[in-house]
Every structure is written in C-alpha cells, then in structure tokens.
Amino acid sequence: MLLKKPIASVILVLAVLIFGGIALERLYIELMPDIDRPTLLVRTDYSGAPASEVEFRITEQLEGMLSGVRGVQQIESLSRQGQSLIFLTFEWGFDMDIAFLNVREKLDQARYLLPNQADRPQLVYSSASDEPIATIALQLANVSNQEFSNRLSLKRWADQVFTRRLEQQEGIAQALLVGEVQPEVQIRFNPRFIDRYGLSLSQIQQAVSDANIFSSTGELRDGWYRYALKIESRIESLDDLRKTPIISLASGRVLLLEELAEVRMAEADPTSFALLDGEEVLNVLVKKEYGSNTVEVFETLQNVLTEIRDQNPDILIEVIQEDASYIENSISNLLQTLLIGGVLAFLVLFLFLDDARSPFTIGISIPVSIFLTFVVMFLFDIQLNIISLSGLTLGIGLLLDNAIVVLENINRYRQKGLDRFEAAREGTKEISLAVTASTFTTISVFLPLIFLGGFEGAFFRDLAATLSFSLIASLLVALFILPVFVAQISKDAKSKGVLSTVSEGLDKVVMAYERNLSRVIQKPLLIIVFALILLSGAAFAFMTTEKAVLPPDEPAKVDYLVSMPGNTALRSAKQASADITGILQSRTDQPNILSLGGYTDNTNLKPITNEGLNRFTISIPVSGFEEAEEVDRIMNGIAQSYSNWNFEKLEDDAVGAVGIGRDAPVQFSVVGTDREFSVRVADAFNEFVNRNYRETQLDLKYPQRIQAYQLQFKTQELLSYELTEAEVIRYLESLTRGSFITDWNRQDEQISIRLIGERKTNLDPREITVDVRDKIIPLTAVAEIARIDEAEQIERIRQSPILTYNSDLTFMDWWWDGGELQQLVNRFMQQSGHEIQIRGSALQVISLLKELGWLLMISVLLIYLILAIQYENLKYPFIIILAIPFAWIGSVFALYIGGISLNALSFMGILILTGIAVNDSILKVDFMRRYFDETGNLDEAIKQAGINRFRPVVMTSMTTILALIPMLVPFGDGYVLRQSLAVALMGGMVTSTFLTLYLIPLVFKWTNGGDSK
C-alpha cells in the first residue's frame, strides 16, 4: 500500500517520533509499578487497655461484623496495649472504593458494640503513593532544641507556615509532622483546697467546660432582618482560664480556679520522637499526589525549600532521606542501557548485511517502535518505571528481528533477479505469515497474566504492555515501512569493500554449519546425549538455585527495628535510641543517622505494625554491601549487650507488602483461645518435631510481655465511704495521664485542657490514697489490686486466636522437606487433637513460583494453539515449541553460574524467553515446511533451510543478546533488578539458538521421514 509512497512513509515516521517525544516528556516516573494491594486497615484506639481487654472488647466485636463484608478473603488482627489493628484482605481486582464504603458502613453499625472509652474506629487505605518521597529535618539554629518553649515555637511555625507552604505546591499532597511537641493546659489541683470548699473534681471539670462553650443558639428577627446568635468561649488566654469562676461562696465572694489549682502550659505525653545523629529534630514526611511524577515533585520541593531557607535563616532545614535521586538514577541508567543496547544491536547488522545502507533501513525500526510505544504508554496511563522500561530494554534486540527477517527475504528475491520494488513486494508477502506468527507467539506469553491476576499480574503488567506494544510496532514497521525504505534506498549491486569481505567470511561459516548439520543428522547420538546432559544439569541447578520474590538491591541504608520491654515509656525509648546512635557514630563515619519512635504515620499501612511507645527504628545511610555488613556487625554486638531488647533488621519491601509483621521462612501457629495452654501445646509439638525430624528451635513471634495492675472495686466499701466508682476512676485519671476536660481552640491550634492531681515520682496503686470529701482513703480499702503479666501483642487470623512461633527452618529446608513436615504436623494434630497451622515467607515464595510455573505452562500451550491455527497443522507447532525447554535450560544455568536467585524478575525473563525462543524455530520450520511441500525432497529442504535461514537466525539472536549486554554491567542504582532479567534471557537465547540450529532440523527429519519422496 505504501510501497510507492515514500513521502507518506517518511511523514508517518516523523509524526511518530514527534508525538513519541511529547509523550515521553509527560510520562510520570516511579521506581516500581504502583501496586495497590487490596488491603484495608481498621485501627481502633482504646487508651490504657491491655491487649487481652482490647482483643475481647474491640477486636472480636469488629471481626464479627466485618467478616460479612463482600469480597473479604482474609481477616488478620493484632491486639496490643491501647490499640486494635484489623487487616482486611480483599480479592485482587476488587473495587477498593466500594470495599471502603462497605467497611465504613459496617463500622458505623458496630460502634454501639464498643466501649464508650474507645475511640471511633479509623479506616485506613494506602497505596504506593502514600509512601513519603522525602523526609525533612527541622531544627532551630543557635538555640537549644530540648527546651519546651523552643520546640513549641518550632512546631507552631512548621504547622502553620512550613507544611502549608509545602502543601500549596503542585504535586505535594500532604506534609506530616513527626516528633512534634504537643502542648496542653494542665490544671494541677491540690486535693486539700478542694476539700476545704467541699468541692468535687466533677464540679471543677464542669465549670471549666462551661467556660469553653462554642454554640449557635439560633436567630433573632427584627422586622425585615435576622441576626445569628453565637455564643463565644470566655477563655481567650491562660489568664482567662485562671479567672474562671467555680462557685459562689456564702460570703458572696466568687471562688476562682487559680485559688484551687496551678494553671500552666506544658508538654503533653509525647506519642512520637525523631532524632538525627542523636539530636532532637522535628521531622516532616512529604507525600505526593496520586499519579504525580516523583522526580518533578522533588524538584519542586527543593525549589520551595531554597526559598524558605532564605526567608528563615534562623531555622535549619535539611532533606535527610528522599527517593527521587534513586529513581532518577535508576531510570537514567536504564535509558543509557537502552541506548547502548540499541547501538550494539545496530552495529551487528553491519557484519551480516552486504551494503552499508541496509543497516540504516533496519535501524529505523528501533526509534520508531520505541517512540510509538511511548505514545501508547501515555494513552493507557502506564508509568515510566524500572519494570516498564526493562520491557523496552529487553525488547531492543527483538525490535530488529522482524525487520532483519523481512530484509533477508527481500534480498533473497533480489538475488533471483527481481527489481527492487518487486522484490520488496514478494519478499514481504512471503515472510509476513512467519514474522506475524513469531511476533504474536512472543506476545501471547503475557496473556495468562490477565487471567492469573494477583501480584504477578499487577507487578508485570507494565512490562508486558510495553514489550507487547513495541513488538507490534516493530511488526508494523517491518511489514509496511521497511519495504518502502529498502526499495528507495538500497543499491542495485553489492558493494565491494570491507562489508563484502565480512559477508564472504560469513558465507564460509554458513557452509561450515551446513556440513556440521549433515554430520549431526547422520550421527545424531552425540547431540542427543549432549542435550540430555544439559537437561539433567539444568534440573540440578534449578533445585539448588536460591529462590526469592525479588533480588536484593545494593543497599543505600540499613534499617533496624528495636523493641524494648512492653512497659517501656517513650522517653526511655528515645534515650536508648540516642545511646545506640552514639555507639554507631563512634564506630562508623556515617552522618544523618535517623531514629523514629512511637506512632509516626497513621495514614500508611506499611510501618504501622512496627510502631509502639516501646519501639523505634534506626536508619543508617550506607554505600554498598560492605558498609551494610559493617553496620550489621556493630548492631549484632549492640544486640548482645542488650539481650532483653529485640533487634530486627528491616528488609526493604519493594512491592509494598502490608500485613502483620514480617514472617520467618517457616512458622507454626497454635490455634486456641487459651494461650497459656497453647504454649504447652507448642512445647509438645517442638519435642515431637525434634524426635521425628531433626532438632528445630521454635521462638515466639511476639515474645514481649507487659506488667499491668488489675483493679476490682469493693462495692460495700465504696458505699460505706459514700464514694462512686466514677469518682475514684476520675481521681485516678488525674493522678496518671490527667482527666480530660475539653479542647481549647486557640487561633489555628487545638489544645487539650486536663485536670491533674499531685503526681509522685513513682506511682504504685497499692500506695495511692484517694483524697476526697475531707477523707484520705487508701485505694486498697475500696479495691482489690493484683499485678498481672500478659502478652504485649495478641494475634488472630480468620477470627481464631493463635500463638505463632518462628522456626529456624530455612527456605531450602521447606523446599526439600516441606511434604515431610506437613505430614508431621498432620500426625501431631491427629494424636493430640490440637490444630497447628503452617505459614511463613517460604510458603509465600513457593506459592508465587508455582503461580509463575503455571503461567509458563499456559504460555507454552497458547503458543502451540496459535501456531496450530496459523499452520492448520498439529505436527509443525510441536516441532517449533521444542526450542522452549532448551531455552529454559540456558536460563537456569546462567542464573546458577551468576549466583542470581530465581525470583519474580528472572522468572519474567524466562517468560519473555518462552515467546522469543520459538522465533528462530519458526523461521527454520517454516522454510523447511514450504520447501518440502514444494519439492518433496526432505534432505534438500533441511539443507536449504540451513543455508538460507542461518544468517537471519544468528543475526536476530546476536542483536537480542548484544542489546542485553549493557544490562549486565553492575553500575548505577537498580542494576541488580535489570541483571536478573537480562541473565535469564541471555542464557536462554544462547542455548536455544544453538540447539535450534541442530536439534530442530533433526526432529523435522524424524517426523517427516515417512513422507519423503
């Protein structure tokens, strides 16, 4: 159609390049695909309640209501002191907006089931875009950052100026403060003064609350006009609060609050802290808007930070962590890899083509296909991330394959004497079926991703889309644009020079291959034995190669979670964090060691299970594996010094997994409501495993315990002292955290007002006296006090209480002995009658590998079906797909030799290879089939296929392999990710090409031997 319209063809190419460039500028950049895991979190605070009370009164009630929500696959929960966390996992692909509304409706219905003291359940749903893109540290210059007044002024500036300025910028959604000081108004009363005037605490609370009323009582009408009636608070300052009247005395004098109590502004009990190199700082977590470009947002952030620094020289502003540089470097490195790979693949063409113009006619396929892919990515809202860009980089050599095959066939017709236009028409027409088949077989391997869904489908959708779009684009270029360029640009005669000399050398290689192929066909035993040896070695390599979800990237920081005993206060955790930071600083030269403790980010699912008043994370910047190992050694030494603290290294989860804690490779969970009895069951199970399997260590997943006081009121004694339970509870609250009265709205700030009694340094309930109504009553006189010990955190799965133990079994233990261990568990359950569940990360990885294995099998089946439909034959497609297992052999060997794990990325390389491996086989079989059908001479068909298809087979393989070489070079950020893809693909290409050249003709001869004339 376009063969005699060169101007139209050139304009189409220019249009694609122009619009592709525009689309590339507008694509937003991320490190990984935005995988929105179908998980919701229901978070309910029940301040001061122990874990057992939270489980009974909060978690169980909510689980019963939420289990009926449509689409819920699994419910997991964690009850801990003062907080209930319930994770709802939905089916992949479920509309999470609908899920959110359904869960919110159930929570509204369940509110009346919860205690009055419990806060309203909070529903949290977060995606990858909710991860902070930058962490900023704020400090006051030249003054102490420890003083309350200084910290308060910094917090107010950050809250009212800094965060608002950031959130006004395009692309920035939220700026959260971590470690900020929270002011509160403390009314410190003296019980003797209150008793002197015959007052109760409830009277004081009511008087203060009445003075802080905001109300709209309606309207006043005056003829044609109406006026709103608004009652304002009488409290405008602390002096107003001090002058609050409490009662009128018999003498007529009004008793003021300041006569009964001291009123002052003080720091509330902190809920979080942030330390930078051991010094207290105010942290700001910056989050971007959904769909915005991380790199562009960070550039905007840097510009506005520069302006704020200039305007506020007395405040130190430092970006201590950010993702944009890593993302930008990773994407930049991949783009360089893409460019270098394209150049290498282009240079290979000069070795195989006779004249210097032909490579340029083929080379147009690369930029046109890639830029057309950018247009489609923009239209379908696909990110530019490592995975999608890897799809383009992997396909850079493939983009030339169709063009190479078409050009080779056109040149073959020209050698028969046809003119340029006729050769272009006939050569393209003859080979169009084969190149279309090879393209769609490559693309077909991604179709099962649509049906499987889940993590695999979500994670690799971008890669599949970009590679598929680019291959379809290359097919269109090869069939419609390339023939035009060949007809217009190519010479009528072969060139004489270096390229001609190279071509003659390749002709000698082709003749040598033809002779070797004849010997193999005559004596096939050697090649068969060689193939079987490779197959056996690949099976061994597959079984022994390390398995993982994703390859470990070169670390830029090392994170540790430190859990102190359950009763540890946040201030003690802060001091411990500063001490550990000091040790790290004395033994390393790393700056910007960041510590975060308490509850830092309640809008993000990922870190929430690591948070607590007795926990903190330490983040140490490193450069490479050596520094990370040095930090690990230091932290292990610190852990030995503090044996009653739990130190856990946090692995960077690139896929954004959320859930209850981090799983050991193999875990055993004992199901039962009586957890004390479950401990005995676990001990019996451990002994059973030791006797019947091998010595195995089981450790509690949540070993921390807390001490608590349990009070039970004595009803008769309360009546004899004329007290009520509410009065005693209110008095005890005032002695501990303070009895909340009301919130005071001061300008843009909301400040709590609390009634606080005379606090002692150490509070022991058995030594507390209740000073009310002119009486000093020991608390032990009106309540029975017992000290109890219980778990800090309690876990439930599928509405069943469980006690989980981490084992010392490794992934490979489960890989080899998983069946035996499952049988042991079944035997123990039959003998004891107690349920044991097996879970852990090893099971998740194996489940993922099984899913990917099924994906490969379905892909092979799809390839066979497509080929059978195109050839209307069942035999030839079977011969073609024989190249696939031999491609897998090369991939497994390459991973084993390179020391690279079999992970989701390497598996994706193998999946892509599955579609590519058959391309060379299609070229060989298609030629042999047509020649054999025309002449009936089987030996000659095999010989001519070797002579005519050797060059395109080797050329397409070499362009693919050479284009992948830059992905192997260990430079820059993110190289580990691209290595896994490239190694698997390159190894398979080598073996599949070699075996295709020899085994496929041999099998073709065996299957068609009876039909030969």
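All values derive from a computational prediction rather than experimental measurement. (Residues numbered from 1 in each chain as written. Predicted model: local features only at pLDDT ≥ 70, side-chain atom pairs only at ≥ 80, totals over all residues. Heavy atoms only, no water.)

**Points about empty space enclosed by the protein**
Then, number 1: Under the counting rule described, the total for this entry stands at three cavities of 30 Å³ or more.
Then, number 2: Estimates place the volume of the largest cavity at around 150 Å³.
Then, number 3: Together, 14 residues line the largest cavity, and Asp-401, Asn-402, Ser-438, Thr-439 and Asn-919 are the ones closest to its centre.
Then, number 4: The element best represented in the lining of the largest cavity is helix α14 (residues 420-444), accounting for five residues.
Then, number 5: In terms of residue class, the lining of the largest cavity is made up of six nonpolar, six polar and two charged. (1 Å grid on protein atoms, 1.4 Å probe; cavity = no way out; pocket = protein on both sides within 12 Å on 5 of 7 lines; lining within 4 Å. Points joined across faces, edges and corners; volume = space filled by probe spheres on them. Helix = DSSP H or I, 4+ residues; strand = E, 2+ residues; numbered from the N terminus. Nonpolar A, V, L, I, M, F, W, Y, C, P; charged D, E, K, R; others polar.)

**Considering a nonpolar patch on the surface**
Then, number 1: Among the surface-exposed residues, Val-10, Leu-14, Ile-18, Phe-19 and Ile-22 lie close enough to one another that they form a single nonpolar patch of about 470 Å² accessible area.
Then, number 2: Here Ile-18 is to be found in helix α1 (residues 6-26). (Patch = residues over 30% accessible without salt bridge, like charges linked within 9 Å, V, L, I, M, F, W, Y side chains within 5 Å. Areas by Shrake-Rupley, 256 points an atom, 1.4 Å probe, with all protein chains shown as cover. Salt bridge = Lys/Arg side-chain N within 4 Å of Asp/Glu carboxyl O.)

**Re helix α3 (residues 96-110)**
Then, number 1: In this model, α3 (15 residues) spans 21 Å end to end at C-alpha, consistent with the 21 Å of a helix rising 1.5 Å per residue.
Then, number 2: The set of residues buried in α3 consists of Met-96, Ala-99, Val-103, Arg-104, Leu-107 and Ala-110. Buried residues of α3 fall within an arc of 130° about the axis and therefore sit on the same side. Those residues of α3 that are exposed and aimed more than 90 degrees away from the buried face are Asp-97 and Leu-101.
Then, number 3: Looking at the buried positions of α3, the neighbouring elements they touch are β1 (39-45), α2 (51-66), β3 (83-90) and β4 (122-124).
Then, number 4: For α3, the capping residue at the N-terminal end is Asp-95, with a side-chain oxygen 3.0 Å from the backbone nitrogen of Asp-97. (Expected span 1.5 Å × (residues − 1). Buried < 20%, exposed > 50% of the residue type's maximum accessible area, 1.4 Å probe, protein only. Arc of directions from axis to C-beta. Contact = heavy atoms within 4.5 Å. Polar contact = N/O pair within 3.5 Å; in protein donor to acceptor, adjacent residues only side chain to side chain.)

**Observations regarding the pairing of strand β2 (residues 72-80)**
Then, number 1: Direction of pairing for β2 relative to β3: antiparallel, over a ladder of eight bridges. Its bridge partner lying in β3, Ile-75 is registered against Leu-88.
Then, number 2: In sequence, β2 turns back onto β3 through a hairpin of two residues, with Gly-82 there showing a positive phi of about 80°.
Then, number 3: Bridge count between β2 and strand β29 (residues 793-797): five bridges; the pairing is antiparallel. Paired with Ser-77 across the two strands is Arg-796, which belongs to β29. (Pairing = 2+ DSSP bridges.)

**What to know about the environment of Ile-489**
Then, number 1: Along the polypeptide, Ile-489 turns up in helix α16 (residues 454-489).
Then, number 2: Judged by its relative accessible area of 31%, Ile-489 falls in the partly exposed class.
Then, number 3: Here the alpha-carbon distance between Ile-489 and Gln-311, two residues 178 residues apart in the chain, equals 63 Å.
Then, number 4: Other than its neighbours up to four places away in sequence, Ile-489 contacts Arg-357 and Thr-361.

**Quick look at the sheet that holds strand β17 (residues 557-563)**
Then, number 1: Pairing in this open sheet of six strands is antiparallel, and the strands run β14-β13-β18-β19-β17-β20 from one edge to the other. The sheet is open, and its two borders are formed by β14 (279-280) and β20 (646-650), each paired with just one other strand.
Then, number 2: With two bridges connecting them, strand β13 (residues 272-276) and β14 associate as antiparallel partners. Within the sheet, the bridge partner assigned to Leu-276 lies in β14 and is Glu-279.
Then, number 3: Running at roughly 20° to strand β19 (residues 612-621), helix α19 (residues 570-587) makes contact with β13, β14, β17, β18 (594-598), β19 and β20 of the sheet.
Then, number 4: Of the strands in this sheet, β17, β19 and β20 touch helix α20 (residues 625-641), which is tilted by about 15° from β17. (Axes fitted to C-alpha atoms, helices over the stretch in contact; angles between N-to-C directions.)

**Remarks on the environment of Glu-180**
Then, number 1: Tracing the chain through its elements places Glu-180 in the loop between β6 (172-178) and β7 (183-189).
Then, number 2: Through-space distance from the C-alpha of Glu-180 to that of Ala-664 is 35 Å; in sequence the pair is 484 residues apart.
Then, number 3: Among the polar contacts made by the side chain of Glu-180, one reaches the side chain of Gln-182 at a distance of 3.2 Å.

**With respect to the nonpolar core**
Nonpolar side chains in soluble globular proteins generally cluster together in the buried interior.
Then, number 1: Judged by nonpolar contacts, the single largest core of 165 residues is most densely connected at Phe-446, Phe-668, Met-908 and Ile-912.
Then, number 2: Leu-241, Leu-257, Phe-713 and Leu-732 belong to the second-largest nonpolar core, a separate cluster that totals 41 residues. (Core = buried A, V, L, I, M, F, W, Y, C linked by side-chain atoms within 4.5 Å.)

**Structural notes on the confidence of the model for the protein**
Then, number 1: Scored by pLDDT, the protein has a mean of 82; 92% of the residues are at 70 or more.
Then, number 2: When the criterion is pLDDT under 50, residues 493-497 qualifies, and its contacts beyond four places in sequence or with other chains add up to five contacts. (pLDDT = per-residue confidence, 0-100.)

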